[in-house]
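Geometric and topological summary
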Amino acid sequence: MINQKSMSERLIDIINIILLGLLALMMLFPFYYILTISFTSYEEYKLSELILWPDRWVTDAYTYILNSKEFIHSIGVTIYVTVVGSLANIILTATMAYAITRNIWGQKVFLFLVLFTFIFNAGMIPTYLIVKATGLINSYWALIIPGAINSFNLIVIRQFILSIPNELNEAALIDGANDLQIFTRIVLPLSKPALAAFGLFYAVGHWNTYFNAILYLNEPSKWTVQVILRQIVILNDTTNSLASAARDAAKSGILPPGETIGMAAILLATLPILIVYPFLQKHFAKGVMLGSVKG
């Protein structure tokens, strides 16, 4: 027989749906508001305090931003840092995770020393001095190498590798495979869900980084898109040509105000991550469930 829900259970389900729906609307409203402001005309933006649906949808802000060499260049820089950084993160994290699963003498001591240095770091100033001493200042590698391995990701991927049946490794050893072959042909293919999930974490972290870019990159031409957004939205710095042009456009009334351009820039900077996520959603859903179900 099919168990039918009682009236109280149905009522609870309805309340949960309503509450979760309201929560989802609260989360989506800021994004929707940014979207509407970015498509609002200059005249309507100046006359209205709260715009929920523009009377006339215009693309002047997007046209202006896409014609900005600074913003387009910062997008390219961010894509480069994200792709190269994420690949370096995944390769180094997976390699070290596999290395510390091997049965070697002093394994526990070595694992403790490795994790201790990752969890208890020295802080910003010693890290900056090390980056400076190694000649990475004003280099994109300064955004990649210092945080190449995340301790939490390392632990979780290590546990995932340990969950792979040891019989597969033993069979490969009998067939004459070495550790590198076992790692590339057995461990990596079976670890795709974990690598995809943490690869997405690494990619989002690189895409959203701005503090390290401000700290280590001295030339504005090397700034990432988040630094450009910071100049537009928060600082409105006159030294930044995009922010200055946005202010001049707002004063003249010919082009959209700086706030509209800032909203459009935020959407354009968020769009690549929104495009990539659906392709990784299948593996991401499996990866975030690591360790929650055994067997």
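Residues numbered from 1 in each chain as written. Predicted model: local features only at pLDDT ≥ 70, side-chain atom pairs only at ≥ 80, totals over all residues. Heavy atoms only, no water.

A count of helices and strands for the chain gives 14 helices and 0 strands. The secondary structure elements of the chain, listed N-terminal to C-terminal, are α-α-α-α-α-α-α-α-α-α-α-α-α-α. Relative to its full complement of 295 residues, the chain shows a buried share of 37%. A sequence separation of at least 24 residues applies to 68% of the contacts in the chain between residues at least 6 apart. With the model as given, the accessible surface of the chain reaches about 18300 Å², and the carbon-plus-sulfur share is 68%. (Helix = DSSP H or I, 4+ residues; strand = E, 2+ residues; numbered from the N terminus. Buried < 20%, exposed > 50% of the residue type's maximum accessible area, 1.4 Å probe, protein only. Contact = heavy atoms within 4.5 Å. Areas by Shrake-Rupley, 256 points an atom, 1.4 Å probe, with all protein chains shown as cover.)

Okay, the packing of aromatic side chains next. Within this structure, the stated rule accounts for 8 aromatic pairs. When the ring of Y128 is compared with that of Y216, the centres are 6.0 Å apart and the planes differ by 10 degrees; the resulting orientation is stacked. With Y128 in helix α6 (residues 124-133) and Y216 in helix α11 (residues 211-216), the pair connects residues that are 88 residues apart, well separated along the chain. By relative accessible area, which is 4% here, Y216 ends up buried. With centroids separated by 5.6 Å and ring planes inclined at 70 degrees, the aromatic side chains of F198 and F201 adopt a geometry described as edge-to-face. Taken together, the residues F198 and F201, both in helix α10 (residues 192-208) and 3 residues apart, mark about one turn of the helix. What makes F201 partly exposed here is its relative accessible area of 40%. (Phe/Tyr/Trp six-rings, centres within 6.5 Å; stacked < 30°, edge-to-face > 60°.)

The end-to-end C-alpha distance of helix α5 (residues 107-119) is 18 Å, a good match for the 18 Å that 13 residues give at a rise of 1.5 Å each. Residues Q107, L111, V114 and L115 constitute the buried set of α5. For α5, the angular spread of buried residues about the axis comes to 90 degrees, placing them on one side. Counted as exposed and oriented over 90 degrees from the buried face of α5: V109, F112 and L113. The secondary structure elements touched by the buried residues of α5 are α4 (69-99) and α7 (151-162). (Expected span 1.5 Å × (residues − 1). Arc of directions from axis to C-beta.)

Here the focus is the nonpolar core. Of all hydrophobic cores here, the largest spans 32 residues; its most connected members are Y62, I65, F71, L143 and A265. Residue assignment for this core shows that the elements contributing at least two residues are α3 (60-66), α4, α11, α12 (225-235) and α14 (258-287). A total of 6 residues in this core trace back to one element, the largest contributor, which is α14. Ignoring any residue separated from it by four or fewer positions in sequence, one finds Y62 in contact with L35, S38, F39, A264, L267 and L268. Residues I90, Y98, I161 and I164 belong to the second largest nonpolar core, which totals 23 residues. (Core = buried A, V, L, I, M, F, W, Y, C linked by side-chain atoms within 4.5 Å.)

Here the focus is helix α9 (residues 179-190). Taking 1.5 Å of rise per residue, 12 residues should cover 16 Å, and α9 covers 15 Å from first to last C-alpha, within 8% of that figure. Taken residue by residue, α9 has I182, F183, I186 and V187 as its buried positions. Along the axis of α9, the buried residues cluster in a sector spanning 125 degrees; they form a single face. Among the exposed residues of α9, those oriented more than 90 degrees off its buried face are L180 and R185.

The subject of this paragraph is a nonpolar patch on the surface. Taken together, the side chains of L11, I14, I15, I18, L19, L22 and L25 make up a nonpolar region of the molecular surface, amounting to roughly 680 Å² of accessible area. Within the element layout of this structure, L11 appears in helix α1 (residues 7-38). (Patch = residues over 30% accessible without salt bridge, like charges linked within 9 Å, V, L, I, M, F, W, Y side chains within 5 Å. Salt bridge = Lys/Arg side-chain N within 4 Å of Asp/Glu carboxyl O.)

All right, on to the packing of α9 against α10 then. Taken N-terminus to C-terminus, the directions of α9 and α10 make an angle of 65 degrees; their axes are 5 Å apart at the nearest point. When the axis of α9 is compared with that of α10, the two are roughly perpendicular. Contacts between α9 and α10 involve L188, P189 and L190 from the first element and K192, P193 and L195 from the second. (Axes fitted to C-alpha atoms, helices over the stretch in contact; angles between N-to-C directions. Parallel < 35°, antiparallel > 145°, perpendicular 65-115°, else oblique.)

With that settled, the discussion passes to the environment of V156. Within the secondary structure, V156 sits in helix α7. In this structure V156 comes out as buried when scored by relative accessible area, which is 18%.

Low pLDDT means the predicted coordinates in that region are not meant to be read closely. In this model, the chain carries a mean pLDDT of 79, and residues with pLDDT of at least 70 account for 84%. Mean pLDDT values for the elements of the chain range from 50 in helix α13 (residues 241-252) up to 90 in α4. The model gives residues 291-295 a pLDDT under 50, and that stretch makes 0 contacts with residues more than four places away or in other chains. (pLDDT = per-residue confidence, 0-100.)

Counting through the fold element by element, S41 comes out in the loop between α1 and α2 (42-47). Taking the C-alpha atoms as reference points, S41 and R56, 15 residues apart in sequence, are found 6.9 Å from one another. Apart from the residues within four sequence positions on either side, S41 is in contact with R56 and V58.

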